[in-house]
Amino acid sequence: MRKNVIAGNWKMNKVLSEANEFVDAVIEKVPNSDNVEAIVCAPFVYLPSLVEKAKGTNLKVAAQNMHFEENGAYTGEVSPVMLKDLGVTHVVLGHSERREYFAETDETVNQKTVAAFKHGLTPIVCVGETLEQREANETMSLVEDQVKKAVAGLSNEQVAETIIAYEPIWAIGTGKTASSEDANEVCKHIRNVVKEVTSADTADKVIIQYGGSVKPANVEELLAQSDIDGALVGGASLEADSFLQLVEAGAK
Ligand SMILES: O=C(CO)COP(=O)(O)O
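What you see is a predicted model, and the numbers here were worked out from it, not measured in a lab. Counting starts from 1 at the beginning of each chain's written sequence and moves along it residue by residue. Per-residue local features of the predicted model are confined to residues with pLDDT of at least 70, and side-chain atom pairs are confined, for both listing and counting, to 80 or more; whole-chain, interface and lining totals are unaffected and use all residues. To get the side-chain values, all heavy atoms of the structure are used, and hydrogens and water are removed first.

Caption draft 1: Broad picture of the packing of helix α1 (residues 16–26) against helix α12 (residues 240–251). Axes, fitted as lines to C-alpha atoms, cover a helix only where it is in contact. Angles between the N-to-C directions of the axes lie from 0 to 180 degrees. For the purposes of this entry, the term helix denotes a DSSP run of H or I that reaches at least four residues, the term strand denotes a run of E that reaches at least two, and both are numbered from the N terminus. Orientation of α1 relative to α12, taken along the N-to-C sense of each, is 45°, at an axis distance of 9 Å. The angle between the axes of α1 and α12 places the two elements in the oblique class. For the element pair α1 and α12, the recorded crossing hand is right-handed. Here Phe22, Ala25 and Val26 of α1 come into contact with α12, specifically with Ala240, Phe243 and Leu244. Note on terminology: angles under 35 degrees are roughly parallel, angles over 145 are roughly antiparallel, angles of 65 to 115 are roughly perpendicular, and the others are oblique. Note: crossing handedness is left-handed where the near helix turns anticlockwise from the far helix by less than a right angle, and right-handed where it turns clockwise. The criterion used for residue contact is that any of the two residues' heavy atoms lie within 4.5 Å.

Right under this line is the structure:
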């Protein structure tokens, strides 16, 4: 049985006191369950403080991006070595906002995914289509292409440990959720793509999240689907109560 991974992607929100208050409020309440893993994906500047607070608890701390190089003349960037050194465990890669506003490509996502494993970080790789692509019936082929390119060069064991987040861009921050069946259909396709490029065993293990206007009111229905193993949540992860409700739904 695959567990559910519930990851709250704060994006560019909160100041330090709010970030600390959030973690203080949730940390004792994150269930100790084999069924769920709870992660907060915080801005870089809060990572040292949050990692310290989360030590020895059930809450994991992720970055929202990183560079693929270990160090060097890349002003403004943060490397996988720096994240690992802090005690960060996961990193979100290829979020559609980074692809759209920061020139992230399938190639850089792949370089970052490879670098994450090299440095002992678990990547949460985001894929998903625009509304135009969905209406042109390109969802399946686009997502297939994004997944294949993201995991190129990884071993089967590494692919099995990769978390893939299917986030249809038209459902992000819009209040529009893909229906549970539509979301599951794409997640199932992603699992088949993983099987095609690795093995049935690997495809069976890989965690595939759904993201896009997930909230406490719709999370249970999404998680009940055969191929959805958690959620990557923006807006509804900013409040401690709401985040905890999502994690509790994942633990059921
Ligand atoms: O982009 C997302 C998570 O990475 C989804 O954001 P919302 O949950 O706010 O739609």
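And the narrative resumes.
Caption draft 2: Quick look at the side chain of Glu167. Examined against the element boundaries, Glu167 turns out to sit in the loop between β6 (163–166) and α9 (180–197). Two N or O atoms count as a polar contact when they lie within 3.5 Å, although within protein this holds only if one can serve as hydrogen donor and the other as acceptor, and sequence-adjacent residues are included solely when both atoms are side-chain atoms. Within the structure, the side chain of Glu167 is placed 3.0 Å from the side chain of His95, a separation counted as a polar contact. Glu167 has contacts with His95, Cys126, Val127, Gly128, Glu129, Ile172, Gly211, Gly212 and Leu232, leaving out every residue within four places of it along the chain.

Caption draft 3: View of the packing of aromatic side chains. Geometry of aromatic contacts follows a simple scheme: Phe, Tyr and Trp rings, the Trp one being its six-membered ring, pair when their centres are within 6.5 Å, and the pair is stacked under 30 degrees between planes, edge-to-face over 60, tilted otherwise. Going through the model one piece at a time under the given rule, you end up with 4 aromatic pairs. Here the aromatic rings of Trp10 and Phe22 are separated by 4.9 Å at their centres, their planes lie at 75°, and the arrangement is edge-to-face. One end of the pair, Trp10, is in the loop between β1 (4–9) and α1; the other, Phe22, is in helix α1, and 12 residues separate them in sequence. The exposure classification of Trp10 matches that of Phe22, with both residues buried. Any Lys NZ or Arg CZ found within 6 Å of a ring centre and within 35 degrees of that ring's normal is scored as a charge over the ring. Here Arg98 stacks its cationic end above the ring of Phe102, 4.2 Å away from the centre of that ring. Burial classification: accessible surface area is computed with a 1.4 Å probe over protein chains only, and a residue below 20% of its type maximum counts as buried, one above 50% as exposed, and the rest as partly exposed.

Caption draft 4: Focus on the site of the ligand. Note on definitions. A residue lies near a molecule or strand when any single heavy atom of the residue is within 4 Å of it. The environment of the ligand is formed by 13 residues, the closest being Lys11, His95, Gly173, Ser213 and Gly235. Take Gly173: an N or O atom from its main chain is 2.6 Å from an oxygen atom of the ligand. Residue Gly235 places a main-chain N or O atom 2.8 Å away from an oxygen atom belonging to the ligand. Residue type decides the class: Asp, Glu, Lys and Arg count as charged, Ala, Val, Leu, Ile, Met, Phe, Trp, Tyr, Cys and Pro as nonpolar, and the leftover types, Gly among them, as polar. A class-by-class count of the residues in the shell around the ligand yields 4 nonpolar, 7 polar and 2 charged.

Caption draft 5: Spatial organisation of the environment of Gly175. Tracing the backbone through its elements, the reader meets Gly175 in the loop between β6 and α9. Measuring from C-alpha to C-alpha, the distance between Gly175 and Lys215 comes to 9.4 Å, with 40 residues separating the pair along the chain. If near-sequence neighbours (up to four positions away) are discounted, Gly175 is found in contact with Ser213 and Lys215.

Caption draft 6: Expanded view of a negative patch on the surface. On the surface, a cluster of negative charge is contributed by Glu181, Asp182, Glu185 and Glu221. Relative to the assigned elements, Glu221 resides in helix α11 (residues 216–223). Under the relative-accessibility criterion, Glu221 is labelled partly exposed at 47%. Like charges are joined within 9 Å and nonpolar side chains (Val, Leu, Ile, Met, Phe, Trp, Tyr) within 5 Å, but only among residues with over 30% relative accessible area and no salt bridge; these make up the patches. Only the protein chains shown count as cover for residues, and all accessible areas are computed by the Shrake-Rupley method using a 1.4 Å probe. Salt bridges are counted wherever a side-chain nitrogen of Lys or Arg sits within 4 Å of a carboxyl oxygen of Asp or Glu. In this tally Asp and Glu are treated as negative and Lys and Arg as positive; neither His nor the chain ends contributes. Charged side chains are reduced to one point each, which is NZ for Lys, CZ for Arg, CG for Asp and CD for Glu.

Caption draft 7: Structural view of the side chain of Asn20. Looking at the element boundaries, Asn20 is found in helix α1. In this structure the side chain of Asn20 is engaged in a polar contact, spanning 2.6 Å, whose partner is the side chain of Ser49. Contact partners of Asn20, with chain neighbours within four places excluded, come to Ser49, Leu50 and Lys53.

Caption draft 8: Fine view of the sheet that holds strand β7 (residues 207–211). Spatially, the 8 strands close up into a barrel ordered β1-β2-β3-β4-β5-β6-β7-β8, and their pairing is parallel. This sheet shows a mean twist of 25° between the axes of neighbouring strands, independent of strand direction. Paired strands, in this sense, are two strands between which DSSP finds at least two bridges. Of the pairings in the sheet, the one linking strand β2 (residues 36–41) to strand β3 (residues 59–63) comprises 4 bridges and is parallel in character. Bridging across to β3, Ala38 finds its partner in Leu59. Together, β4 (90–93) and β5 (122–127) form the strand contacts of helix α5 (residues 106–118), whose direction differs from that of β5 by roughly 160°. Strands in contact with helix α7 (residues 139–151) are β5 and β6; relative to β5, the strand with the most contacts, it is inclined by about 155°.

As far as function goes, none of this settles anything; it's purely spatial.
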